[in-house]
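Here are the chains, one letter per residue:
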Amino acid sequence: MPGTNARRSGPPKHQNSFAWVPASADKHNTLQDKVGKLDLRGGVCAKCYEVIEWKRRYGKYKPLKQPAKCLGCNQKAVHQAYHQLCPPCAGSRRVCAKCMRAPPAPPTAEELEAKEAQAHASLESRLGALPERQRRTAQRQLAVGAVPVSLTARIERSHGPTAVVAEDLAAAAAASTAAAAAA
């Protein structure tokens, strides 16, 4: 009967007992050994690294047989597969060698403090709407650093379902943990 699998939910029918290994039956495949030893981290952003690492892990990575042409200097200087720029061009432009995009700038200390203050204020306003007993329980649990699911459920019942509640609670727990570690 077509389409019955689309309605299926729950765990898989059969769980694999061991992880899949590419070319496990081929005992003389030295290409997989060479690809496994490559350093794929240099010059690429986190997203591109994950893509290349996935290809390597599942046997889809195809290394270059000859150097490819760099799109920056037009010389045959690209030795890594899936890269568009050679390492000197990527370094001078400060971009990813694969997607040729600049990495996002890390947030400044002021932005982090403002976001933390906003999360704390939002959490305080949400806790203020709880009954006294539940509010004190929540404050004790936050002081310890634990954010139980029951606390999130209580706040959602009083404020309605929001995805921001869990983020606020996690941010507040992280802030209280950091404050406790600093003290």
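Our structure's up above, just so we're on the same page.
In what follows, the accompanying structure is described. Small disclaimer: the values here were computed from a predicted structure and weren't measured. (Residues numbered from 1 in each chain as written. Predicted model: local features only at pLDDT ≥ 70, side-chain atom pairs only at ≥ 80, totals over all residues. Heavy atoms only, no water.)

## Here we look at the overall build of the chain
If you tally the helices and strands in the chain, you get seven helices and two strands. The secondary structure elements of the chain, listed N-terminal to C-terminal, are α-α-β-β-α-α-α-α-α. Out of the 183 residues in the chain, the part that is buried amounts to 21%. Total accessible area on the chain stands at roughly 13,500 Å², and carbon and sulfur atoms take up 56% of it. (Helix = DSSP H or I, 4+ residues; strand = E, 2+ residues; numbered from the N terminus. Buried < 20%, exposed > 50% of the residue type's maximum accessible area, 1.4 Å probe, protein only. Areas by Shrake-Rupley, 256 points an atom, 1.4 Å probe, with all protein chains shown as cover.)

## As for the pattern of salt bridges
For the structure on display, the rule yields three salt bridges. Linking Glu53 and Arg56 is a salt bridge whose minimum nitrogen-to-oxygen distance equals 2.4 Å. In this pair, Glu53 and Arg56 both sit in helix H2 (residues 46-57), three residues apart, roughly one turn of the helix. Given a relative accessible area of 12%, Glu53 falls into the buried group. Among the ionic pairs, Glu132 bridges to Arg135, the shortest N-O distance being 2.1 Å. Here Glu132 and its partner Arg135 are both found in helix H5 (residues 132-144), three residues apart, which amounts to about one turn of the helix. By relative accessible area, which is 38% here, Glu132 ends up partly exposed. A network of salt bridges, in which partner residues are shared, links Glu132, Arg135 and Arg136. (Salt bridge = Lys/Arg side-chain N within 4 Å of Asp/Glu carboxyl O.)

## A word on H2
An α-helical turn contains 3.6 residues, so any two residues separated by three or four positions project in the same direction. The first and last C-alpha atoms of H2 sit 16 Å apart over 12 residues, in line with the 16 Å expected at 1.5 Å per residue. Buried within H2 are the following residues: Cys48, Ile52 and Glu53. Axial view of H2: buried residues confined to an arc of 130°, hence all on one face. Those residues of H2 that are exposed and angled more than 90 degrees off the buried face are Lys47 and Glu50. Positive backbone phi, at 75°, marks Gly59, one or two positions downstream of H2. (Expected span 1.5 Å × (residues − 1). Arc of directions from axis to C-beta.)

Keep in mind that these numbers describe shape and distance, not what the molecule does.
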